[in-house]
Structure formats: structure tokens, C-alpha cells
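# Residue-level structural notes
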Amino acid sequence: MSTTVTINGTAHRVDLPDDVPLLWVLRDEIGLTGTKFGCGVAACGACTVHIDGEAVRSCQVALSDVWGEVTTIEGLGTPDAMSAVQQAWTDHQVAQCGYCQSGQIMQAAALLAENPAPNDAEIDAAMQGNLCRCGTYPRIRAAIHAASAKLQEA
Ligand code: FES
Ligand code: FES
């Protein structure tokens, strides 16, 4: 089917089967490879993007089910003007291998949009579906607190 998907503010016409996962539309069709494939079964969070601000697993959303505007890690900020979450991740040197981190950042950004000052338990609850084989969880939590403080200053 031919459909139009808005990704990071740009409308893209795509001609693909209805059931192609959004993840592959992003990576293979549009060339936005910041969103990662980890498990393909909604068990790792590496593929997390936003649809109308809601964190979703793009491996589980069929093209025909995309209900709103998609934001990926490439659209969250820019190298010159990173989002507060991306800046906190950099400041806290969160990434180790980095593979899971775009999903972690997208999940954290959605959390902070909904809850600007989450406590540790709320962070853990929101982030529990985003796995990190490198065990960067303490730095992820610290970076979320830092981003929260920065956003509240603004
Ligand atoms: S690749 Fe989508 S949740 Fe793992
Ligand atoms: S930084 Fe390596 S998997 Fe998370």
C-alpha cells in the first residue's frame, strides 16, 4: 500500500505492505538507522520511538497502524541543539557499547514529558522494558534526574 508517514516533521510517501513494522520503514526505507533492532518481539526496547509523543516499540507497530507523527532519536534534537535528555546522556557518559541507548533516550524523553520530576521508583518502572546488556542502569537513572532538573530550570 502507498501511504504517507510523517517522521521528524517530514512527510514520507512509502509504498510497502501494510504489515511491515515501522522499525523497518525507518531503517530500510527512510535510512534512519539510529533506531535499533534488538529482539523483534517487544522484549528489549532498542527500537523505541515516539508516535504523537508516546513511546512505542517500533518493531511491533505495523505501517498501517501508525496513528500519528513519528519522532526518532534523530528528530529529538540536533548535534548543535541536543534535547535535554540527550545532553544529560552525554554529560553523564551513559553509553557503553551504545546499542540500546537511542531506545533508552526515547523512553526517558517520553517519561519526562509525562512526569517532569520522576523519583527513582518511577524511573525504574518507566524504564524497566528497556534492557541494557552493558548494565548502564545507574547512569541512565542519574541522567534522567539531571535532565529533569534541567527541564525544570527552563
Ligand atoms: S527490537 Fe523492538 S522491543 Fe526489541
Ligand atoms: S550500552 Fe551496551 S547494551 Fe546498553
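Quick look at the structure, then. Residue positions are given per chain, counted from 1 along the sequence in the order it is written. Chain labels run from A onward and ligand labels from 1 onward, assigned in the order the entries are written. Since the coordinates come from a predicted model, pLDDT governs what is reported: local features require at least 70, and pairs of side-chain atoms require 80 or more to be given and counted, while whole-chain, interface and lining totals use all residues. Only hydrogens and water are set aside when side-chain values are computed; all heavy atoms of the structure are taken into account.

Turning our attention to helix 3 (residues 84-91). Within helix 3 the residues assigned to the buried category are Val85, Gln86, Ala88 and Trp89. Buried residues in helix 3, looked at end-on, bunch into an arc of 160°, giving them a common side. Taken together, the buried residues of helix 3 touch helix 2 (73-76), helix 4 (101-114) and helix 6 (137-153). Of the residues flanking the end of helix 3, it is Gln93, one or two places downstream, whose phi is positive at about 45°. Burial status follows relative accessibility: with a 1.4 Å probe on protein chains alone, a residue under 20% of its type maximum counts as buried, one over 50% as exposed, and anything between as partly exposed. Every helix listed is a DSSP run of H or I at least four residues long, and every strand listed is a run of E at least two residues long, numbered separately from the N terminus. Think of it as the arc spanned by the lines of direction from the helix axis to the C-beta atoms. For this analysis, residues touch if any pair of their heavy atoms sits within 4.5 Å.

Let us now look at the pairing of strand 3 (residues 48-51). Along strand 3, one buried face is formed by Thr48 and His50 and the opposite face, lined by Val49 and Ile51, is buried too. DSSP calls a pair of strands paired once it identifies at least 2 bridges connecting them. In the sheet, strand 3 pairs with strand 4 (residues 54-57) via four bridges, with the strands oriented antiparallel. By the bridge assignment for strand 4, His50 is matched with Ala55. Counting the residues that bridge the hairpin from strand 3 to strand 4 gives two residues, and of these Asp52 lies at a positive phi of roughly 50°. Pairing between strand 3 and strand 5 (residues 70-71): two bridges, direction antiparallel. Bridge pairing links Ile51 to Val70 in strand 5.

Attention now moves to the pattern of salt bridges. Salt bridges, as used here, are contacts in which a Lys or Arg side-chain nitrogen is within 4 Å of a carboxyl oxygen on Asp or Glu. Following the criterion strictly, the structure yields two salt bridges and no others. When the shortest N-O distance is used, the salt bridge between Arg141 and Asp120 registers 3.5 Å. With a gap of 21 residues between them, Arg141 in helix 6 and Asp120 in helix 5 (residues 120-127) connect regions that are remote in the sequence. One continuous salt-bridge network, built from bridges that share partners, spans Asp120, Asp124 and Arg141.

Now for unusual backbone geometry. The phi angle at Asn8 is positive, at roughly 50°, despite the residue not being glycine. Examined against the element boundaries, Asn8 turns out to sit in the loop between strand 1 (2-7) and strand 2 (10-15). On the accessibility criterion, Asn8 (28% relative accessible area) is partly exposed. Unlike most non-glycine residues, Gln93 shows phi in positive territory, near 45°. By secondary structure assignment, the location of Gln93 is in the loop between helix 3 and helix 4.

This next bit is on the layout of surface pockets. Size it by volume and the largest pocket reaches roughly 180 Å³. What lines the largest pocket is Gly38, Cys44, Ala46, Cys97, Tyr99, Cys100, Leu131, Cys132, Arg133 and Cys134. For the lining of the largest pocket, the class distribution of residues is eight nonpolar, one polar and one charged. A cavity here means a set of points on a 1 Å grid, drawn over the protein atoms and nothing else, where a 1.4 Å probe fits but cannot get out; a pocket is an open set with protein on both sides within 12 Å along at least five of seven lines, and a residue lines either one if it has an atom within 4 Å of a point. Grid points are joined across faces, edges and corners, and a volume is the space filled by probe spheres set on the points. Asp, Glu, Lys and Arg are counted as charged, while Ala, Val, Leu, Ile, Met, Phe, Trp, Tyr, Cys and Pro are counted as nonpolar; the rest, among them Gly, fall into the polar class.

With that settled, consider the packing of aromatic side chains. Two descriptors summarise a pair of aromatic rings, namely the distance from one centre to the other and the angle between the planes of the rings. Geometry of aromatic contacts follows a simple scheme: Phe, Tyr and Trp rings, the Trp one being its six-membered ring, pair when their centres are within 6.5 Å, and the pair is stacked under 30 degrees between planes, edge-to-face over 60, tilted otherwise. What the rule picks out here adds up to one aromatic pair. With a centroid separation of 5.4 Å and 40° between ring planes, the pair formed by Trp24 and Phe37 is classed as tilted. Of this pair, Trp24 sits in helix 1 (residues 22-30) while Phe37 sits in the loop between helix 1 and strand 3; the two residues are 13 residues apart in sequence, bridging distant segments of the chain. Its relative accessible area of 31% is what places Trp24 among the partly exposed residues. You can call Phe37 partly exposed: its relative accessible area is 34%.

Time to look at the side chain of Ser83. Take Ser83: it is sitting in the loop between helix 2 and helix 3. Residue class for Ser83 comes out buried when judged on its relative accessible area of 15%.

Along the chain, the position of Cys44 falls in the loop between helix 1 and strand 3. In sequence terms Cys44 and Gly129 are 85 residues apart; their C-alpha atoms lie 6.1 Å from each other. Residue contacts for Cys44: discarding those within four places in its chain leaves Gly38, Cys39, Gly129, Asn130 and Leu131.

Take it as geometry only, folks, not as evidence of what the structure does.
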